[in-house]
Structures are given as structure tokens and as C-alpha cells.
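Working through the structure, step by step
Chain by chain, the residues:
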Amino acid sequence: MTFSDSSIVVDGVSKCFQIFDKPGDRLRQMFHRKRKFFREFWALRDISFRIAPGETVGIVGRNGSGKSTLLQMICGTLATTTGNIQVKGRVGALLELGSGFNPEFTGRENVYMSAAILGLSREETAHRFDDIVAFADLAEFIDQPVKTYSSGMAVRLAFAVQSQIDPDILIVDEALAVGDARFQAKCFDRLKRLKESGTSILLVTHSSDQIVNHCTRAILLDSGRLVMEDEPRAVVNRYMDLLFGRDREAAEKSAPELIVSGTTEHGTDRLPLSLSDDVFAQKAAYNHHEYRWGDGAASILDFSLEADGRPDPRFVTSGQIMRLRLSVRFNQEVVRPIFGVTIKTKEGITVAGTNSELLSSEVHTHGLGAGGSAVVVEMNFKCTLATGDYFISLGVASRAEESIVPHDRRYDAVHFSVAPALTFYGLTDLDMTMAVSQVHAS
Ligand SMILES: Nc1ncnc2c1ncn2[C@@H]1O[C@H](COP(=O)(O)OP(=O)(O)OP(=O)(O)O)[C@@H](O)[C@H]1O
Ligand SMILES: [Mg+2]
């Protein structure tokens, strides 16, 4: 890509904010040229990349990593401290801070004002007006002041304006998260069409699905630095690693040194699990933000996750058979232990959960649960989940008369991602079949 082929060129851009700790310091600074009343904070450092016409580039990163700051500089609403940004053509933008509408004016007036800011004449706007209102699905409300709109309605109108003006570049910062699912689908359909007509799109989102599904490339920012620029899935994986505090390289290096004492009865083709030390933290799929509690009579020490026999899957495909194994050591005698598992979405919705008692699994073998003994629990299930991120909680407990005594519960301890599915949408694959037969209507 040559310089002139790019629609956005970001070249060595840094941004430094001046932080005034006391409110009066900003004023004091105006009168003192020599003394510094502020601290410097570098929100972005030395960022360079280019975007070609028709590319959709996703920007991911943790909260505060500098995504919105970068987009504001590309839109020209914020100045760079060092470096240069060049943009070619008309820029439509939906930034993080509201719709940019004046709340006192009606939807209609705001559409004309926004379009004027984007360089459209009154006639050009009038020509597109009906399409904009139809897209936003706000015909009934278009002559009401925007202050009476819900935040979702305001975003709908803003997206409709920004996407119907045939922008050369469209910048969307998180805005689509506000709309409902139906509107989101409509937005992505519109984005696809813009992309086909050569619009460059910059999309900031915390949704890894949206990055994988809609972007041609992705950029990962961390602490104001560009740490990765690659195809979407690779970037999303790295982002997940950052988000869940995983250090895959360290995990991969230390894996061969896993301490394994004793053997499992499950044969040699299985990955060995630690039976003496807690090695969760060394595992790639471990979520460092797990919540752990229990009386310590038993400890869950290790786990392994496989999809169709492939260990440590970065993405599971819907339909694959997942095998989850854990090793549990009993520190005291536990009578009739119960092993449990729960799978939740990243929003915390329980997708499924069960335990060895509900499943009437054979776990009451002689001597099992005595202090110092260890077991391996294996679970197999078909992953019928839709694309997204999931967390597995694990537990070992026992029954004391009517109540359950938790010995070790590790909430959200294991993370896995399901790849976008091709044959269904929604929450789960119901393995639906469909047949169409021709009938002759008389
Ligand atoms: N006007 C400002 N003055 C001082 N610091 C700022 C200002 N704007 C942003 N920052 C700081 O710059 C850093 C990057 O902020 P930015 O809003 O770009 O993050 P982000 O990646 O968009 O985060 P999020 O995912 O939460 O939207 C943050 O530490 C933030 O506190
Ligand atoms: Mg932001």
C-alpha cells in the first residue's frame, strides 16, 4: 500500500494529557509560565498504521488503553501532541460521548445540523432525509426534541445520519452497543454495504465476535501502545490473554515441567494432571479473576480442556465434543464427594450446570475421599453453544445431612471461546433440520 492509496495514515502519533490534581492548578498554570502545576500522562505513544479504502479495522484494548483518544484525533476533535494524521475524504463518526446532537432541537433539526457539519448542502440532506429517518425507524418521533429520546434512539438517529451520507471513512466508537439487537444487525448490514462501496471503517468494540465477524484486520492497544496489528482472530486471542491476565508464553514454557505424581487410571493418551500442586495459574485457559472459596477439605488442583481431542483449544467450534478433566486432592476425609460444573456466558448467564449427584455418577468407590487421596474427574459434552466467551466454574462439595458443604469452589476459573457458527444463530444449536416440499395448490 503506497501512501497515496491509504484513506487514513497515522504516523508516529503520541498524546500527552496534562493532569491537574487540584481544580485551581489549571488557573494557576495560566499565570506561571515557568512552574509546572500538572503531571503529564501519555495516553498514546508512537502509534503508526494505515488503512486502505474498503478496509474494516477493529481496535481493541482494555479500558483506558487509548482507543477513544485515538479515534478523536483521527476525527480531528482532539489535537495530537506529536506525530501526524492524514485522512482522505468525508469522515462520519459516532464517538463515545453521546450522539453530538443538541438536545433542545428536534430530531429533524439535528439531522440537518449534523449533515451540514459533514459538509452536505440542505438539498443533499433533504434528498437523503427520508432514508435517514426510515433507517433510524423514528418517523413518529422526528419532530420531538432529542432530549425526549432514549439513549438508544439518539444513537440510532446518529448512526443513520453518519452512515447515510456516503462517508469515505466511518468511525464507530462502541456506539452500537447501545442499540438493541435488531438495530445492531441492521447497522452491520449497512456497514457491509459501505465497505463494499469502498468506505474505510474503524470500529472500536469490546465484542470479540464483532471483530472476528466484521473486520478485515485488527489493532490491539495496551497502555497507549500499539502491541499488535494482524488478522482479527489472532488479535482477539491476544486481547483475551491480556484481559484475563494470561501469559501464554510462560504457560507454554512451563508446561513440560508440570509436576505429576501418581498416574491416573484414564490411560496414557490423556494429558497428565497435577495431583500434588495447584497449577491453574500455569494454564492458558485460566481466568486469574476467578472467585475461590470453600473449607479446604478438598482442593481442585489442575484441569485440562480439549475440543475433539485437541488440547487447549483457542477456539471451540460449535458441535465439537469437549472434554474437561480436573484433578482433586482430598486434604481430609470427605464422605461422598460431589463434583460440580457450571458454564456461564461472559455476562454471567448460566448456560448449563450439573454435578455428579444429579448425574448419579459412580463416585462412591471405596477409599475415595480419604485424606491424601486424589481423583481425576472427567466430563464430556457436546458444545452446542453460539459464538462468544464462556466461563466454567468448578466445585467439589459434600452433603452433611440436608445441607451442602463446599470444599473448593472455583467460580469462572476456566475461560474458552466459541468460534462463529455457520449454521445457526442465537444461544444454542438445536440441531434443527428443515425440509421444503412442493405442494400443488388447487
Ligand atoms: N481529557 C483527558 N484528560 C486526561 N486524561 C485523559 C483524557 N482523556 C482520556 N484520558 C486518559 O487517557 C487514557 C485513555 O483513555 P481512552 O478514553 O482513550 O481509553 P479507551 O481505550 O477508549 O477506554 P474505554 O474502553 O474505557 O472506552 C485513560 O487513562 C484516560 O484516563
Ligand atoms: Mg473509549
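It should be noted that the structure appears before, not after, this text.
Note that the structure is predicted; figures quoted are calculated from it, not measured.

What to know about the pattern of salt bridges
With the rule as written, the count across this model stands at 20 salt bridges. The salt bridge partner of Asp189 is Arg193, with a shortest N-O separation of 2.8 Å. Taken together, the residues span about one helical turn, with Asp189 and Arg193 both in helix α6 (residues 181–196) at a distance of 4 residues. A salt bridge links Lys344 to Asp412, with the shortest nitrogen-to-oxygen separation between them at 3.5 Å. Here Lys344 is found in strand β14 (residues 337–345), whereas its partner Asp412 is found in strand β18 (residues 403–418), with 68 residues between them in sequence. Since its relative accessible area comes to 24%, Asp412 is described here as partly exposed. By sharing partners, the salt bridges in this structure join Asp278, Glu290, Arg292, Asp408 and Arg410 into a single network.

Remarks on the site of ligand 1
Around ligand 1, the surrounding shell holds 14 residues, and the nearest of these are Gly64, Lys67, Ser68, Thr69 and Glu96. One of the side-chain N or O atoms of Lys67 is found 2.7 Å from an oxygen atom in ligand 1. The contact in question runs from an oxygen atom of ligand 1 to an N or O atom on the side chain of Thr69, over 2.5 Å. Relative to its free-state accessible area of 640 Å², ligand 1 is covered by the protein chains to the extent of 65%. Mapped by element, the contributors of at least two residues to the shell around ligand 1 are β1 (8–20), β2 (38–51) and α2 (67–75). For the shell around ligand 1, the leading source of residues is α2, giving 3 residues.

Focus: the nonpolar core
Counting 46 residues, the largest nonpolar core has Tyr149, Leu157, Phe159, Val172, Leu176 and Leu191 as its most contacted members. By residue number, the principal contributor to this core is helix α5 (residues 151–164), which donates 7 residues. With near-sequence residues (within four places) excluded, Tyr149 lies in contact with Gly107, Leu138, Phe141, Ile142, Gln144, Ala154 and Leu157. Within the second largest apolar cluster, 34 residues are counted, among which are Phe303, Phe330, Val334 and Val375.

Definitions and cut-offs
Residues numbered from 1 in each chain as written. Chains lettered and ligands numbered in written order. Predicted model: local features only at pLDDT ≥ 70, side-chain atom pairs only at ≥ 80, totals over all residues. Heavy atoms only, no water. Salt bridge = Lys/Arg side-chain N within 4 Å of Asp/Glu carboxyl O. Helix = DSSP H or I, 4+ residues; strand = E, 2+ residues; numbered from the N terminus. Buried < 20%, exposed > 50% of the residue type's maximum accessible area, 1.4 Å probe, protein only. Near = heavy atom within 4 Å. Polar contact = N/O pair within 3.5 Å; in protein donor to acceptor, adjacent residues only side chain to side chain. Areas by Shrake-Rupley, 256 points an atom, 1.4 Å probe, with all protein chains shown as cover. Core = buried A, V, L, I, M, F, W, Y, C linked by side-chain atoms within 4.5 Å. Contact = heavy atoms within 4.5 Å.

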